[in-house]
Structure formats: structure tokens, C-alpha cells
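# Reading the structure
Residue strings, one per chain:
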Protein chains: 4
Amino acid sequence: MSHVIIPEDALCVADYERLAKEVLPHAIYEYVYGGGADEMTLRGNRESLDAIKILPRMLNDVRHGSTHTQVLGQTWRTPMMLAPVAFQKMAHEQGEIATAQAASALEIGMMVSTLASVEMEAISEQLNSPKWFQLYWQVDRDFNLSLIKRAEKAGYQAIVLTVDSAIHGIRNRAQRAKFALPEGVSAVNLKDRPELPRQAFTPDQSIVFQGMMSEAPNWNDVAWLIEQTELPVIIKGILHPADARKAQELGAQGVIVSNHGGRTLDCVPSAIDMVAAVREAVGSEFCVLLDGAIQRGTDVFKAIALGADAVLIGRPQFYALAVAGAAGVAHMLRILREEFEVAMALAGVAYVKDITRSSLL
Amino acid sequence: MSHVIIPEDALCVADYERLAKEVLPHAIYEYVYGGGADEMTLRGNRESLDAIKILPRMLNDVRHGSTHTQVLGQTWRTPMMLAPVAFQKMAHEQGEIATAQAASALEIGMMVSTLASVEMEAISEQLNSPKWFQLYWQVDRDFNLSLIKRAEKAGYQAIVLTVDSAIHGIRNRAQRAKFALPEGVSAVNLKDRPELPRQAFTPDQSIVFQGMMSEAPNWNDVAWLIEQTELPVIIKGILHPADARKAQELGAQGVIVSNHGGRTLDCVPSAIDMVAAVREAVGSEFCVLLDGAIQRGTDVFKAIALGADAVLIGRPQFYALAVAGAAGVAHMLRILREEFEVAMALAGVAYVKDITRSSLL
Amino acid sequence: MSHVIIPEDALCVADYERLAKEVLPHAIYEYVYGGGADEMTLRGNRESLDAIKILPRMLNDVRHGSTHTQVLGQTWRTPMMLAPVAFQKMAHEQGEIATAQAASALEIGMMVSTLASVEMEAISEQLNSPKWFQLYWQVDRDFNLSLIKRAEKAGYQAIVLTVDSAIHGIRNRAQRAKFALPEGVSAVNLKDRPELPRQAFTPDQSIVFQGMMSEAPNWNDVAWLIEQTELPVIIKGILHPADARKAQELGAQGVIVSNHGGRTLDCVPSAIDMVAAVREAVGSEFCVLLDGAIQRGTDVFKAIALGADAVLIGRPQFYALAVAGAAGVAHMLRILREEFEVAMALAGVAYVKDITRSSLL
Amino acid sequence: MSHVIIPEDALCVADYERLAKEVLPHAIYEYVYGGGADEMTLRGNRESLDAIKILPRMLNDVRHGSTHTQVLGQTWRTPMMLAPVAFQKMAHEQGEIATAQAASALEIGMMVSTLASVEMEAISEQLNSPKWFQLYWQVDRDFNLSLIKRAEKAGYQAIVLTVDSAIHGIRNRAQRAKFALPEGVSAVNLKDRPELPRQAFTPDQSIVFQGMMSEAPNWNDVAWLIEQTELPVIIKGILHPADARKAQELGAQGVIVSNHGGRTLDCVPSAIDMVAAVREAVGSEFCVLLDGAIQRGTDVFKAIALGADAVLIGRPQFYALAVAGAAGVAHMLRILREEFEVAMALAGVAYVKDITRSSLL
Ligand SMILES: Cc1cc2nc3c(=O)[nH]c(=O)nc-3n(C[C@H](O)[C@H](O)[C@H](O)COP(=O)(O)O)c2cc1C
Ligand SMILES: Cc1cc2nc3c(=O)[nH]c(=O)nc-3n(C[C@H](O)[C@H](O)[C@H](O)COP(=O)(O)O)c2cc1C
Ligand SMILES: Cc1cc2nc3c(=O)[nH]c(=O)nc-3n(C[C@H](O)[C@H](O)[C@H](O)COP(=O)(O)O)c2cc1C
Ligand SMILES: Cc1cc2nc3c(=O)[nH]c(=O)nc-3n(C[C@H](O)[C@H](O)[C@H](O)COP(=O)(O)O)c2cc1C
């Protein structure tokens, strides 16, 4: 890795997408880049952000400005975190280890996926910034418990339960590219998972409802999960304000407004178009994060102006990792942080808390 | 047929369109694909669906979910039916026979066109799912009667009167491709049709009004038709809510909101943009179906959310038939059914009756 | 001319534009096709029409239908007329003579331009349908008078004063193509025009205001004109409802809502977007015509639904003339008439007076 | 210079952009043409203007019309001025000297940039039309003072303080083209600027907030500046109406509604979309100018109709200078003036003060 250098035409986050396309095997790139079905949600994520306009104030004194912010009672250097992105060894031989190093260097937090290609304990060791464990619900309650206990022991500070992808969606692009996990990359954190008995279906049953969805978590499972751990539980994949409210009432500590990067159900709203209503539903104190197509400092600014406490960065971490390893991820995050500072400064805002609805047109 | 296999890149309904373009003679493809005039209605059908957003709910328990639904007092496995599509021998030597076999296999109903290229009795024999006969009005009332009586005798369960295409519209694309019915394909169900006396026009008369439109059905004909049969009569090709109401008052059992796939008058609204108003006009109990550009499970979901009881699938059946015969049609329908189940599951809806306006943004 | 035949791919009005591009000298095509400046008005004319949707009624009895309509107390076979289009010898050696023959054959009226390339008397002889003379205001009042008297004598039934093009606008496309009148083509009807003294400008004066606009007509000239003739005077080039009202108050018999096909001031509204407000301003009895991008029977239908009594056809006459002479123009007009009949029939409307706002979505 | 001639295909302002692209070194063209980040603001400037429609009045008598107008108590021949554009020697060896000659010839004013590549005194000598000095705030207050005093002495009639570009923004296009100031081109007016002590940052500090923004002007600096000079002070780079109001209250004589041609913060509103609100905030007497994508006479008309007193022309001066020196700039300005006169005449407006909101749709 020591020889990888940052390409000189990596000037913005989107550059990493373009460069990754060149270095990654086609099927992997297509899998990561793609969304569900006709990718309308995927495109919509970007279009919704683009449609929002920042209304800047001039001549404010912002020389004491800072991007520090409070999330779940912790102080973050920047209102950004790495989204859980599975199987990072597909991007780079060191996988999540390299990503964790970059996150630490930039003081930016990381959500480690259930489907990480490296043991969560090993990742945690490299991570000095906020570290959260993302849980994909497992049919076997005990096995969920064992994952949570491992996460607690490894020092993770929150549990993120992802709820929007009980089914993977209709990923035609990945299918077309014949994507399959490359050899040597696997869900190592699930290697002790008890095997499920093979299901039989009557002709009248559906493999969707009676099959896959019988393994999906529901609100009872959320309540149970919250009881099992002292760690804050965050629900990832909320779009409807009423669902955010329900999570809050059940004792969750936060929600992540997200459509999973357009990868599950197609034709759903952009997170950025729902975040204001979600914030309204849960009040100003509840933790609300957001992800989906965040690629510019101005995107971060817009998300916060509409009610998010912070944003997650998904695909760009994978692309930067593929292009230039830990250095790439760190560089990508630094670009984003600086762009965000520039956005604040040129909009005339000194502190994250001052980025509000009235900062937009 | 035994050698035709499903192409491995047939992953979604639109793939069948692409693949059919490769196997079909140009003129036939253009005829089937095309719409009227500038094809604004054709494109509009797709664009209107694309503009609708589903607002999903998370963590609902849908493990008892099912797509079964009630249409005209019958239970359907899925809220989908094959639209009447004429002359299917142009797609495949077995024509409507193959389509009927596929429909039966998937437990999806079929509307058999007056212009089927196979005798309606032979088709009916292959069809174990809902079977409806689609009537193109014939100038000679007696001949209409003979068609209806044949349909009744052959076991058809409803009569669908198509009312939006007294004139074919201005089909420039088909004209450009010099489309003509291929040899060996004809409207075999009309072979006993009495010949019409050739009309003469005064200079002041119009071949449109005094010619073609003098052969078109009107509301009196609808009333007459309803009297002639015990079968429910469904009016196909309604866009205006007041027309739906009128059909209901005259004793029709349902309407199909449709612009004939953009093939007749150009510049009319998409069915999906009218269906909510139609539903409002006729109340919740009346049968309202819809067609036009249904290509994804999410399209089916949207149509139902806006008030349709079920949707019809038009061109895709022809494309799939051309590509892979009965197996192709069955595969295409299975894709659509599974996508619809996935849409329901990921939207958090267990039953068709729970797909409502509030399932949309 | 006897050998020119209708190309078999001339199926709709737009086909004539495409075909004319092939046969016309580049500079002439560009001149005719083009609009002012960035051609936003030109494109807007089309886009505005495209955005309007017809809401058809089914099962009406229209077998007595007809396109006959009343304009200025005359009965027209179809609510269409040929717009004044200058210098038609650029399209065809017979110029306006051929156009007039075609118009007569189709019983469609023609507005003959001041800038016709054939004497107005000769054109009139060929014209059995409504014939109106279009006047471009001449600085010399007496010369206007002599033109009007010639028109009266030649049998023209109305005077159309064009008021939107005192200045030609910024015609960059025509300039780029280095358009100039070809040899042998000239404004023969103006050959007796008294020469104007050459103007001198002080440095502080503007060739626009103190030059060109000093030759433009104003409301006083309109009043004067109306006094000079028994013929009805129609004002062409109105967009603002208040101007239509003013014309009406001064005694004009009608207005033509038009932006001159996007050829004068760019960035103005489409005629179709203003016609409803104009109709509202002048009441239901006043003659309101409209032009701009009318290319389909559905366009005619939309214009009438929004308040026009009839529409004018501009460029298509020139294109059809270039492609196939009188036969081409006749064919083009027949296409348009038939498309209009089809639009009425499929929309469920029997008479022109029944095409109203409620025929649209 | 004597041999440069106006290219015959330079017919409108945009032509100069196209032609400049051919003659300028790639990096310079990209630098000048480009905007911040994804250039959404850059494109938005054009799109916002395009979306506005002029509603013309016909038959008004405008033969006494004129484009003269009052700005800051002076009479301008046309409501246009040259925007401050830095380093014009990159376009042409004579740089701002040639531009000033052209401006004088057309009686159009010029704002001379702090970053002019020619001494402000030399430029002033060539300039007989309104001359304003544009100030980029300097950390050292005394140095600001010395610049203002030079400007006063050199005959400049107003001071324009640019406030929207404390940071240059994220200029990815220029970075990609590896833009750097060519040899021989420099900010000659700043050659006596005292060197700043190099700053050191703690790890927790930000080079944006604690670095660059510590050199930016704030409202206190504006107040100070106004006290230092008898000349009117104009604030350039305002978008928010409240900022315009604040500038007015502090004693500024005017504001320039501008987003710096999309070159600083991306995703901000177009000036044309904010100017009406700014005008409303400051009342009818305060000087409000506007820039951004003004390329057509109709653009000037629209800006004035929405509340601007006059507009600035930025990039086109640079392009015209590159293409044909002083003659090019003069030609470009003449085109714009004539187009503006044509727009007024065809819209039926005789005087600049009569261009109002009601001149638009
Ligand atoms: C390749 C890939 C893998 C992902 N894996 C996970 C995962 O394991 N767990 C999870 O909750 N979300 C996962 N996501 C979703 C991301 O966390 C995030 O919600 C999404 O990518 C939106 O952000 P983006 O637009 O910045 O990519 C994945 C996304 C991608 C693209
Ligand atoms: C080739 C073709 C033939 C058709 N034949 C008939 C027909 O015989 N009777 C009828 O009522 N509709 C007919 N239709 C219309 C369809 O039933 C349906 O309304 C239309 O295709 C819209 O659905 P789609 O967008 O899924 O194709 C036909 C459509 C096509 C494309
Ligand atoms: C080549 C050309 C010549 C024209 N000459 C005249 C004319 O002499 N008098 C006039 O009033 N309008 C003239 N017009 C405008 C037309 O009458 C009409 O308003 C315009 O073309 C809009 O109709 P269209 O979109 O169908 O072309 C001319 C238009 C074109 C394209
Ligand atoms: C190459 C270039 C240099 C500029 N230099 C300055 C400058 O020195 N001072 C300033 O206030 N604005 C500067 N601007 C901004 C312009 O004054 C103006 O606000 C902007 O270009 C918008 O106008 P346009 O769209 O007509 O180019 C510059 C713009 C460009 C393109």
C-alpha cells in the first residue's frame, strides 16, 4: 500500500467514483454504484439535493467558526460519519482496517457493518473516532445478542439497526453484471451463525412474505433489542415521520433517514426530502442522521439546514478505498470537511447549530 | 417451442421489450411498440408513473402477507390480468394459445381480443385462470350478439367493450414502418362477419364523422349490450370520471381506465393520472382496472394505491411471447408478481386492500 | 410541376419540414425555420402546445359531426387558414399562385402577405376560399391606402394589419446562414412604393427608436386604417389581453394572437398560453385567431378549446410548397384537416362550438 | 491591434464565448468560463433568466424612446456597466487599457478590479465613461486606505466593495485545467501590499475559519470604509434582502445583486431570482445593480423589469477582448445595446423607467 498515491485529478468526491470505475472489476463497481430496479431513487437522491438552494449571508464575522457539533452527547469534529458499507475487502486487501485508519486520522466516526469483511474487533482496534456497530437483524434472537455483546466488548458506542432492507430489492444492474462475492471476501462476523432449517412452501405461499419477510425484524424486535443493551440504539432506514416517532417512543436514541442509497425499494422519496418532516415529528433533541448522495460540502450544509444532526458517507468511502487505500479515504474525507467549512464560511455561518431552514432559499 | 429458453439477460419486464426488438420483424415491432402521432401519450404513460413516489413504512409484521385480491367477486392470486392484445400469431406461431398457457400457469387472467388470431374457443380451452372476452363493437348488432353468445358458451366470464378506438388514431410510426398483417395472421373470430355495403360520401361529408364514426358504439349500444348477456360488462378505455359514472349508471360492472397504450388519440392524460378521480366518481365497490406502461412491481403498487383494483399488462405479453413463447410470458409475469410482492413487503404492506393513498408520498 | 409527387414518407406536417430541409438551399431553410435570438420563443411555441392535455369523452354519438365553423360571419369548412408568409417564390417557381390553388382545393382560406412575391391580383384569381390581405404598415399613409384599395378591388375580404414586427428582431440564425433574397424574388406588390428620404442621426439618437420605430404603426394609425376601408380589419401579433381589448374598442373586427412564430422579440409567451386571457378580455363574439407551431390536428383542437375561433398555418405551407408544390400544400392541409376530425371524433365532440375548456384536462 | 478585425460570425454575445474558446489557452479559458464546484449556480444564472417571459405591448408610440437612465445621480447612456474582471492581460496584451477604450467609445461605465493587471491610474486615463474602483478587502486597513486614496485621486467615482468571495470557492474546473497566472500578468495595484506574518494553526483550528476568514471584511469594516471616503460605496455580492437593507442602513449607496458569476459558493440562487426581493427591501430610490449571465438585450430588460437600475457585463468583456481587443469589446457592447433597444421597442416601452414588473408575464 505504501506506493499508492492520491491521483492528482482527485479533486472532489465525485472524482473518486470516476477513478474507482477504472480500477475496480466491472461487476464490483456495478454492484456498489447501482441501485434498485430503474434506479429512480438513486438518481432522485442526487436530484433532490441539487434542487435545494443555499441563501448566503455576507459580512458576518465567522473567524471563531468551527464545525464541532454534538451527537448523542458526544462532541464530533465534523457532522459526518462513515455509513456502514459491507465487504470492503472487495475494494482493498486491507478492507475495513484501512477505512478505520482513515476515519481515525480525520476524527470522523465509522459505522461498522454486520457484513464487514474483517472481524469487528480488529476494526475497532484501529478506530479512535466514534465507532458504532451496524446490525443486520438475524432470525435467531440469541445470535443477535451474541453480536451485540461482541460489539459492546469491542468498544462500540452505539448499535445501528438497519430496517429498510429485509429484502435486497430488485438489483438489476448488479444481476446484469453477474456480481458475486469474490473469493476470500466473506461475512466473517457471521461465521458462527446457526444454520436455518430449509423452508418448504405450499403453492399458495409466497417466498417473499412467508419466506424472506419471516426473517425480517419488526417493532417487537426493536423493543427487545433496546432492552438487551445499554448502548444507544439507532434505527437506520426510516423515511416516514411516523416511523421515526414510533422508534423514539420505543426508546431508540436516534434514526437515520435513508433509502439505503436507492438500493432497496425503488421509487421512494429522497432522504433529504423527508428529513424536515422527520425532525418535526421527533422534536429538536432527538438524534436524526441522514444519508444518500452526500458528495459536496454544500450537501452536508443542506442536510443540516433541513434538520439532520449529521450525515453519513456511503459509497465514496468504498471508491476512495479502491483508488488509494487508507490515504484515499482520508483524502476524500478531508475534501468533504474542507468543502463543508467553505460552505459555512461563504454562507456566513459560524457554528453548526446556526445552520437552519433560514439558511436556505 | 421446446427449445426456446429464457435469455439470461431477461431480468425485468423492459428487457423483454429490448429482446423482442431483436427477434421481431421491424414493421411488427414498430407497430406493437408505437403509439399515436407524436407518441406524447405513450411517453406520458411512463413519465406519469415515474413521477409517483411510494412512502414505505418500516418494521411492520408482514409475514402473513399475500397478494390475493377480489375482482368482480372472484379471488385473484395477484391484482394483474393480461390486456387484450390482437393478432398474437405475429409474435409466435402458437399465438394466443401460448399466452393462455402462461396465464394459466401463473394463475393470472387473460382478456381475449375480438381480433385474436386464434379462435376464442381454442384459447378458452387452455385458460384456467379468469377469462374475459374483449369485444370490438361491430356495426351489425346481430353479429355482436353472435360473438357474445360464442364467448358465453366458451366459458368467458365477462365481456369487455373497448370504446376508445373507434378510429385507430394517427399511427405514423406504424405507417412509416409500412406495417401490414403478415400472411397467415387474421381476425379468425370475425370470419363470419357480414360484409358492409360500401359507403358513398357527398363532398360535404367527412369520412371520419359520416364514415368511421358511424360504425362506432355509443351509450345506447352499451345499454343494449348489457341487456343481451348475463355476463358482467366492463367498459375499456375510459379516462373521464363522468364517463365512468355513466357506465356505472347504465349497469356496467366495471371500467378500465386506459388510453389504449397511447395508440389512439395523442395528447390525452395518462390512465394513472385519472384513476383517482375515476375511483372517486364510482365509489369504492365498483370494479376499476387500469392499464398503460405497467412494467414494474412498483407500478402495480402505485396503480392500486391510487384506486385501481388491478392492472392489465399489454405489450409485455407480446414481447415475451416473441422472445420465448409461453415460457417467456410465464417468466415475465412471474417477475412482475415477485416485484409486486417485494414492493408490498418493503413498503410494509401485508394485504392488497392496505395499499392506499397514504402509501404514497 | 406536373411531375412532382407527394413523397411517400410525408405522413404528417412535421415530415414536410424534414423533407423541405433536404430540397431547399440551406440559407433559405434557415431563414424560414429560424426564430429570433436564442429561439426560446420558437421552442416555447411547441412546448406550450405539448404541455396541454385533451380529456376525451367516450361513446358520444358524433355521426352527424362536422368541422364547419363561423368566422367573421362566413362559414368555413375547417377552422384553419393559411398565415401570411412572404416571398413564396423562394419555395417554388409558382410561389403564392400554387399555394392559392391548394387552399382553394381544400376550401381553406389564405392571408396574402404585403411581401408576396406575386401580385396580389394574380393570387386572388386563383383563390376561391376566404381571402384576406395582410398589410405591413408603410410610412407613407397614401401608399397604405393604395394597397388597401387594390386589395378591395381584387376581392380580398379582410385587411390583416401585422403589428408585432416593426423591427425584424435579432435573427441570428438567418444571419449565420447569410440569408438574402434570391434573385428574381421580390416584393412585387411594393414596387410603386415612394422612396423615403435617407435619415440622419445625431450621436445621441438611436437607429432603433428614432430610426426604425419612427416607421412603425401606432394606435392612431389603426384608427385611421379602420376608417379607410369597409373591410373588417384584423390586428395580427397581439399577446397582451389589454391590447386585444384596445383593438376591439377602436373598431377592429378581430385579433390574431401570435408571436410571429418566434421570429421577432425572443422570450415572449406562446400564443397558446395567452389566448384564453385574450378571449376573456374580448368576450365570446369577437374574432380571435391564433398561430404558432400548429402542426397536428390536436394542436388545432387545443387552440379552439382555449378560445380561438380558428388557427393559422405558417411555415408548413412553405415547406410543403417547396417539397411538392400545390399538391404538397393541398396534401399537408388535408392531413391537418383529417387529423383534426380524428381528434374531434376521438374526443367525443361533434361540432367545433363544442370544443371548450372542459375538453381539456 | 490594428490588424485584428471582428470575426464575421460574431453576431451575438455568446459568439464571443465560442470564439474566445478557440483563441485562448485552455487553462485560461477554463478559469474564466468556469464556476464553483458542480457549476449549478453558473448554469442556474442562465436558466433563471431563460425562464422569465416578457409580455410585450403593441402599437405604442416609442419614436421618442431612449435608453438613458439615472444611476447614483449620473445619467448613463445605457443601463449597463462593465463588471470588475481581474487580470485582463491574460486576454490581450493591452489588458484593461483596451477595455477602457472600448467602454469609453460606447459611453458605458467600467468597474476596475483591485486585481487589474494594469495600474488603475493608467486605466482611468483611458476611461471617459463612469469609472468605479472595485476593492477586494485587504487585511491591513491602512493598505485599503491607500488604495481608496489612489482611486479617488485617479478620478474614480465610486468604490465597489466585493464581499462574496472571502474564499475563492471550490473551483474544480480551474484546478483540473491547472490554471495559474501566466508570466507577466500580476496584481500590479497590490505590489506595495505589506507582507502578512505566516499563520500557525493548532490541530483544532481550521484554515478556513481561523485562516482565510480572518482576513475577510465584516460589517464593521464596511462602516469604517464608508467613513474613509467621500465617494459612494457600493456593496457587491449581495443575495439576501436583509443584507441589502443592512448595507443601506450603514450608509452604503448601493448594492450589486450577484453570485459572482457562480464562481464562489455553489448552489446559491441566481441574482435575477433575488433582485425583486432586494428592491423591495431597499425601496425605489436606492441603487441596485445586478450581474450574472447577462448576454442578450432581453436579459437586460428582464433585470430592470424586476428592479435593477442597471446590469453588469462580466465574462463577455474578457472573451471579446481576447477575440478582437478593444474593437471586440466595443462591438460586443454595441450588440448588447442594440439588442436592448430592440427589446424595448418591440415590448412597446419608450423609457427605461417604464420597464416594470408588468412588462413581464
Ligand atoms: C456497497 C454498499 C454496501 C452497503 N452495505 C450496507 C450495510 O452493510 N449495512 C447498511 O446498513 N447499509 C449498507 N449500505 C447502505 C449505506 O449505509 C448507505 O445507506 C447508502 O450507501 C447511502 O449512502 P451513499 O449515497 O453515500 O452511498 C451499503 C451501501 C453500499 C453502496
Ligand atoms: C399490439 C397491440 C394490440 C392491441 N390490441 C388490442 C385489442 O385487440 N383490444 C383492445 O381492447 N386493446 C388492444 N390493445 C390495447 C391494450 O389492451 C392496452 O390497453 C394497451 O396496450 C396498454 O397497455 P401497455 O402499455 O401495457 O401496452 C392493443 C395494444 C397493442 C400494443
Ligand atoms: C418565412 C416566413 C415569412 C413570414 N412572412 C410574414 C408576413 O409577410 N406577414 C406576416 O404577418 N407574418 C409573416 N410571417 C409570420 C406568420 O404569418 C406566422 O405568424 C408565423 O409563421 C407563425 O406560424 P408557424 O409557427 O405556423 O410558422 C412569416 C413567417 C415566416 C416563417
Ligand atoms: C475571470 C473573472 C474575474 C473576475 N474578477 C473579479 C474581480 O476582480 N472583482 C470582482 O468583484 N468580481 C470579479 N469577477 C466577478 C464579476 O465581476 C461578475 O460578478 C461575474 O463575472 C458575473 O458576471 P458574468 O456572468 O457576466 O460573467 C470576476 C469574474 C470572472 C469571470
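Calculation criteria
Residues numbered from 1 in each chain as written. Chains lettered and ligands numbered in written order. Predicted model: local features only at pLDDT ≥ 70, side-chain atom pairs only at ≥ 80, totals over all residues. Heavy atoms only, no water. UniProt positions renumbered as here; feature names shortened; annotations may be inferred. Contact = heavy atoms within 4.5 Å. Buried area = accessible area lost by both parts, 1.4 Å probe. Salt bridge = Lys/Arg side-chain N within 4 Å of Asp/Glu carboxyl O. Polar contact = N/O pair within 3.5 Å; in protein donor to acceptor, adjacent residues only side chain to side chain. Helix = DSSP H or I, 4+ residues; strand = E, 2+ residues; numbered from the N terminus. Nonpolar A, V, L, I, M, F, W, Y, C, P; charged D, E, K, R; others polar. Buried < 20%, exposed > 50% of the residue type's maximum accessible area, 1.4 Å probe, protein only. Pairing = 2+ DSSP bridges. Right-handed = clockwise from strand over helix to strand, strands pointing away. Least-squares fit on C-alpha atoms with pLDDT ≥ 70 in both.

In its Cofactor (unreviewed entry) section, UniProt records this for chain A: "FMN". Heading Sequence similarities (unreviewed entry) of the UniProt record for chain A holds this comment: "Belongs to the FMN-dependent alpha-hydroxy acid dehydrogenase family."

## Points about the interface of chain A and chain D
Facing 38 residues of chain A, the contacting portion of chain D comprises 42 residues. Roughly 3400 Å² of surface becomes buried between chain A and chain D when both sides are summed, with 62% attributable to carbon and sulfur atoms. On the chain A side of the interface with chain D, the three residues burying the most area are A:Met58, A:Leu59 and A:Arg63, jointly 23% of the side's total. Put simply, chain A and chain D have 4 salt bridges between them. A salt bridge links A:Glu8 to D:Lys178; the shortest N-O distance between them is 3.2 Å. Applying the counting criterion to the chain A and chain D interface returns 13 residue pairs in polar contact (both at pLDDT 80 or more). Counting residues per element, the side of chain A that touches chain D draws most heavily on helix H13 (residues 315-347) of chain A, at 9 residues. Its residues assigned to classes, the side of chain A that touches chain D comprises 18 nonpolar, 7 polar and 13 charged.

## So, the pairing of strand S10 (residues 310-313) of chain D
Residues and elements named next belong to chain D. On S10, burial covers both faces: Ala-310 and Leu-312 on one face and Val-311 and Ile-313 on the other are all buried. With 3 bridges joining them, strand S3 (residues 80-82) and S10 adopt parallel strand pairing. Its bridge partner lying in S10, Leu-82 is registered against Ile-313. Alignment of strand S9 (residues 287-291) against S10, held across 3 bridges, turns out to be parallel. Considered in S10, the bridge of Leu-290 is made with Val-311. On the question of chirality, the crossover connecting S9 to the parallel S10 by way of helix H12 (residues 297-305) is right-handed.

## Focus on the relation of the copies chain D and chain C
Put simply, the second copy of the chain is the first one after a rotation about an axis and a shift along it. The operation relating chain D to chain C is a screw motion whose rotation component is 90°, with 0.0 Å of axial translation and a residual RMSD of 0.0 Å. This pairing of chains is accounted for by a four-fold axis. Minimal C-alpha distance to the rotation axis in chain D is attained by D:Ala51, lying at 11 Å.

## Considerations on the interface of chain D and chain C
Taken together, the contacts link 38 residues of chain D with 42 residues of chain C. The junction of chain D with chain C conceals about 3400 Å² of combined surface from both sides, 62% of it contributed by carbon and sulfur atoms. When residues of chain D are sorted by the area they lose upon contact with chain C, D:Met58, D:Leu59 and D:Arg63 head the list and together hold 23% of the total. In this assembly, chain D and chain C are joined by 4 salt bridges. The tally of links between chain D and chain C comes to 13 residue pairs in polar contact (both at pLDDT 80 or more). Of all elements in the fold, only H12 and helix H13 (315-347) of chain D reach the threshold of two or more residues within the side of chain D that touches chain C. It is H13(D) that contributes the most residues to the side of chain D that touches chain C, 9 residues altogether. Among the residues making up the side of chain D that touches chain C, the classes are represented as 18 nonpolar, 7 polar and 13 charged.

## Structural notes on the UniProt feature "binding site: glyoxylate" (unreviewed entry) in chain A
Residues and elements named next belong to chain A. Mapped onto this numbering, the UniProt entry annotates "binding site: glyoxylate" (unreviewed entry) at Tyr-31, Tyr-136, Arg-171, His-260 and Arg-263. With respect to the helices, strands and loops of the structure, Arg-171 is situated in the loop between strand S6 (158-162) and helix H7 (172-176). Every residue in contact with Arg-171, bar those within four places of it in the chain, is listed here: Tyr-31, Gly-35 and Arg-263. At 3.3 Å, the side chain of Arg-171 and the backbone oxygen of His-168 are in polar contact. Along the chain, His-260 falls in the loop between strand S8 (254-257) and helix H11 (271-282). Each residue touching His-260, except ones within four places of it in the same chain, is listed here: Tyr-136, Thr-162, Asp-164, Ser-165 and Lys-236. Side-chain polar atoms of His-260 contact the side chain of Tyr-136, separated by 3.4 Å.

## Looking at the environment of A:Val112
Residue and element names in this part refer to chain A. With respect to the secondary-structure elements, Val-112 resides in strand S4 (residues 109-113). Sequence separation between Val-112 and Tyr-156 is 44 residues; the distance between their C-alpha atoms is 9.1 Å. The contact partners of Val-112, leaving out residues within four places of it in the chain, are Ile-123, Trp-132, Phe-133, Gln-134 and Tyr-156.

## Considering the pattern of salt bridges
Counted according to the given criterion, the structure contains 81 salt bridges over all chains. Note that B:Lys149 and B:Glu152 form a salt bridge whose closest N and O atoms lie 3.1 Å from each other. Placement of both B:Lys149 and B:Glu152 in helix H6 (residues 141-153) is noted, with a separation of 3 residues, approximately one turn of the helix. Its relative accessible area of 25% is what places B:Glu152 among the partly exposed residues. For D:Arg63, the salt bridge goes to D:Asp61, with nearest N and O atoms at 3.2 Å. Looking at D:Arg63, the relative accessible area reads 29%, which means it is partly exposed.

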